[in-house]
Structures are given as structure tokens and as C-alpha cells.
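# Survey of secondary and tertiary structure
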Amino acid sequence: MPEATYAGGLSMGDTIVLRVDGTITVAHSRKEHAEATFKKTFGFHSLGVWIDNTGELAALMPRPGNAGANTAADLIEVLRQAIAQIPANRRDDLLITSDGAGASHTLIDWLHSLDQTGGRRVAYSIGFDVDEHVRAACNRRPDDWWVPCLSNTTGEVIDGLQVTEITDLLRERLTGLKRPKTMRVIVRRRKLFDHEQATLFDTCGYRYSAFVTNTGAHGPDGLSVQRADARHRVHARVEDDVRTTKDTGLGHLPSKQWQVNKAWCAAVTIAVDLTAWMGLYALTGALAKAEPKTLRYRIFQTPARLVRARRYRWLRLPRTWPWATDLATAIEIIRRMPMPAT
């Protein structure tokens, strides 16, 4: 399995990274369980978990449009389904990331319990609410404690974006809230732009964002605040996964009946995985990184004929098709793959 990376190429080794996110599918007519969403639209609010290493969609939970973004029970259930899709011998080293919708006692406590299981390491990196306590701690932290953030693409430092850890300043409050002792609170800040209007809370001229993680700062697997922040910010890659999943069928749920739409979502999951495997194992060059719309036009919708001749089946591709050679190469690679073990 490919290694997940961050900060311009830093490897996460054998860790399998699961990224959970929600997405809205707009309905243009009355359908079963289509409801008003938190984004002031009408439709469905599904939860998905993508494997960052491969681009596979490990689990997809279709939900009514009025389902909450931070419903811990749904987040835990979809993560259970995703973890069950990972081979048993690869479930001992996981990283689960989420935006602020995952910042709930229930979810973090559940992830902490998974990490306490013998022989298993389950790390998490989850967005955290910047409330008055977090903001006050940030304002008390001296400037020399803030270090520059690392770029997602190059790994170089970024001017104007800084990060620090405030776990020590919140220790008493975190203990009172019965948060896990291994949880670290890391905050990123940037100065307000000249054209940006300050809110009532931005009294120091900075905009803050925070996340929590159970990856320590020391030891062989420890991460500095810079690296922990860089690792968390690449959670944004899940937006690309959401977009390509919508291009593969989640962009609309076709039926008025809920059960039919659930079956459609199951088919979408299979299609996303097949497309990911095609890019990983069969395609080469630019096509290996192509998105679904490009693959449909160049590969999947190739005009061809399947004929029988000389006791064999032959796939006849048009010589004038620009990507006929790429498709023929992909088919040959797949044909030479060993049969899966039974």
C-alpha cells in the first residue's frame, strides 16, 4: 500500500490514514429523507471515510439532509465500517483525521479506547473549537513560543502562519472535562488581512484555528508542533476525495425511494474503489493520477468490440483512438496479475 505523505513528502510509513468528512447531495425534487440541510440547501447529508494512502472510499453512510455534522454516533459507526474494510493484519497502525465536526467527547473517547487496545496504535488529529478558554490561552502565549508552519507542498516554512501548543495552559480545564491525558491541543494563528474585519473575539489581531491529537511530541513516533500541524492540514485532501466521489455518482441520488438510493451509494463505493485500483495498478503516466471525468472520456468510454475468433475472445480497439495504447497496456497489466488467494 502506498505511504501517506505530508509537508511536501514526509512519509507516514506503514500508517493507514482514514479521513472522515460529510458532504451534501442536493435534491431538486421531493425524495424520501430529503430535508433542509445546515448549508441552507435541500437534500441529503452523507458521511464518508476515505483511505488517504490509496484514494479508496472505505465506507459511505447516506443520511437525511437534516442529520447533524457532529453526530458522534454516526461518525463512530461509519468509522467502524471503514476499519472493518481494512485487512486485519493492517489495522494495528491507523491515523484518523476529521475537521471540527469530530470534536466531541464521545468520538475522542472512543478513539482513545481504540488506542489503548494492546498491539494497536490508533492516532487521531481532529479539529477543535476555539472557545474563550482556547483564545485566552493563545493570547497568553508569548510570541517566541510560536513557530512558523510548514508548507503542504514543499515542506518549507510559511510566512505569516504560526503554530504553538497550549496543552499546558489548558491542563486544568482538560482534566476537569475528563479529556484523555494523551490529548494535545495545538493552535495555528495568522494575522488578519487588511481587508478582513475583526470579530468581537479577534482582539489581538489574529485569527486562530485549533486541533487535538494524541500523537506525542517525544519518542520514536513523536511529532513536533510544526509536523503535527502539517500532518493535520493535509486533511484538506479529503475535499478532493469528496469531489471525485461526487463525479463518480454521489453528486445525485436518482430515486424517490430511500432504499434504492442506499443501494446507489453502495454502487458508488464500489465504483470509487475500482477507479482507485485502476490508477494504482493498471494505469501509468498522467492517467494514473487522472480524475474520474478524464478516465471516463479517455478509458472507460472507449469505443471497442468484443469478438470471438480462433477460440479466443478479442477486444478490438480503434487504431485512431488516442488512448488505445494506454488501455491495451492497462488490460495486459491486469491480465498478468496473480489470482487473489482464496
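Residues numbered from 1 in each chain as written. Predicted model: local features only at pLDDT ≥ 70, side-chain atom pairs only at ≥ 80, totals over all residues. Heavy atoms only, no water.

Our focus in this paragraph is the overall build of the chain. Across its full length, the chain holds nine helices and 14 strands. Dimensions of the chain, computed from C-alpha atoms along their principal axes, come out at roughly 80 × 50 × 50 Å. When the accessible area of the chain is evaluated, it comes to approximately 18700 Å², of which 53% is carbon and sulfur surface. Here the chain holds 46 positive side-chain charges and 37 negative ones, and the gap between their average locations is 9 Å. (Helix = DSSP H or I, 4+ residues; strand = E, 2+ residues; numbered from the N terminus. Areas by Shrake-Rupley, 256 points an atom, 1.4 Å probe, with all protein chains shown as cover. Lys, Arg positive; Asp, Glu negative; His and termini not counted. Charge placed at Lys NZ, Arg CZ, Asp CG, Glu CD.)

Turning our eyes to something else, we now look at the pairing of strand E12 (residues 206-213). Burial within E12 is extensive, with six of its eight residues counted as buried. Bridge count for strand E8 (residues 121-128) against E12 is four bridges, and the pairing is antiparallel. The residue bridging Ile 126 from the neighbouring strand is Val 212, located in E12. As paired strands, strand E11 (residues 184-191) and E12 are joined by eight bridges and run antiparallel to one another. Directly across from Val 185, in E12, lies its bridge partner Val 212. (Buried < 20%, exposed > 50% of the residue type's maximum accessible area, 1.4 Å probe, protein only. Pairing = 2+ DSSP bridges.)

A word on a nonpolar patch on the surface. Residues Ile 270, Leu 274, Trp 277, Leu 280, Tyr 281, Ile 334 and Met 337 make up a contiguous nonpolar surface patch of about 670 Å² in total accessible area. Per-element accounting of the nonpolar patch gives the leading share, five residues, to helix H7 (residues 258-282). Relative to the helices and strands, Ile 334 resides in helix H9 (residues 324-335). (Patch = residues over 30% accessible without salt bridge, like charges linked within 9 Å, V, L, I, M, F, W, Y side chains within 5 Å. Salt bridge = Lys/Arg side-chain N within 4 Å of Asp/Glu carboxyl O.)

For the rest of this paragraph, the subject is the packing of aromatic side chains. The tally for this structure, following the rule as stated, stands at seven aromatic pairs. In textbook terms, an aromatic cluster arises when at least three aromatic residues are bridged by ring pairs, as seen for Trp 146, Tyr 206 and Tyr 208. Over the ring of Trp 145 we find Arg 141; its NZ or CZ atom is 4.1 Å from the centre of that ring. Sitting above the plane of the Tyr 206 ring, Arg 189 keeps its charged end 4.0 Å from the centroid. (Phe/Tyr/Trp six-rings, centres within 6.5 Å; stacked < 30°, edge-to-face > 60°. Lys NZ or Arg CZ within 6 Å of the ring centre and 35° of its normal.)

Right, let's get into helix H1 (residues 72-85). Because an α-helix completes one turn every 3.6 residues, residues spaced three or four positions apart along the sequence face the same direction. For H1, spanning 14 residues, the distance from its first C-alpha to its last is 20 Å, which sits close to the expected 20 Å at 1.5 Å a residue. Along H1, the residues that are buried comprise Ala 72, Leu 75, Ile 76, Val 78, Leu 79, Ala 82 and Ile 83. (Expected span 1.5 Å × (residues − 1).)

This brings us to the pairing of E11. Taken across its eight residues, E11 has six buried, putting it largely inside the fold. When strand E10 (residues 157-165) meets E11, the two strands line up antiparallel, connected through five bridges. Paired with Thr 164 across the bridge in E11 is Val 187.

All right, on to helix H8 (residues 292-300) then. Turning to H8, its buried residues are Pro 292, Leu 295 and Ile 299. For H8, the angular spread of the buried residues around the axis is 60°, confining them to a single face. Residues of H8 that are exposed and angled more than 90 degrees away from the buried face: Lys 293 and Tyr 297. Contact partners of the buried residues in H8: helix H6 (238-250), H7 and H9. (Arc of directions from axis to C-beta. Contact = heavy atoms within 4.5 Å.)

Attention now moves to the pattern of salt bridges. One pass over the structure, following the stated rule, counts 13 salt bridges. Notably, a salt bridge pairs Asp 240 with Arg 243, separated by 2.9 Å at the nearest N-O pair. Placement of both Asp 240 and Arg 243 in helix H6 is noted, with a separation of three residues, approximately one turn of the helix. A relative accessible area of 39% means that Asp 240 is categorised as partly exposed. Classification of Arg 243 as partly exposed rests on a relative accessible area of 34%.

This brings us to the state of the cysteines. Disulfides are covalent bonds that connect the sulfur atoms of two cysteines. Counted according to the given criterion, the structure contains zero disulfides. Of the cysteine sulfurs around Cys 149, a residue in no disulfide, the closest is that of Cys 138, at 12 Å. The buried category is assigned to Cys 149, whose relative accessible area is 0%. (Disulfide = S-S within 2.5 Å.)

Another aspect to go through is the packing of H7 against H9. At their nearest, the axes of H7 and H9 sit 10 Å apart, and the two run at 90° to each other. Classified by the angle their axes make, H7 and H9 are roughly perpendicular. Facing H7, whose interface residues are Met 278, Tyr 281 and Ala 282, H9 presents Ala 330, Ile 333 and Ile 334. Residue classes in the contact of H7 with H9 are distributed as six nonpolar, no polar and no charged. (Axes fitted to C-alpha atoms, helices over the stretch in contact; angles between N-to-C directions. Parallel < 35°, antiparallel > 145°, perpendicular 65-115°, else oblique. Nonpolar A, V, L, I, M, F, W, Y, C, P; charged D, E, K, R; others polar.)

By themselves, these observations are geometric and do not establish any function.
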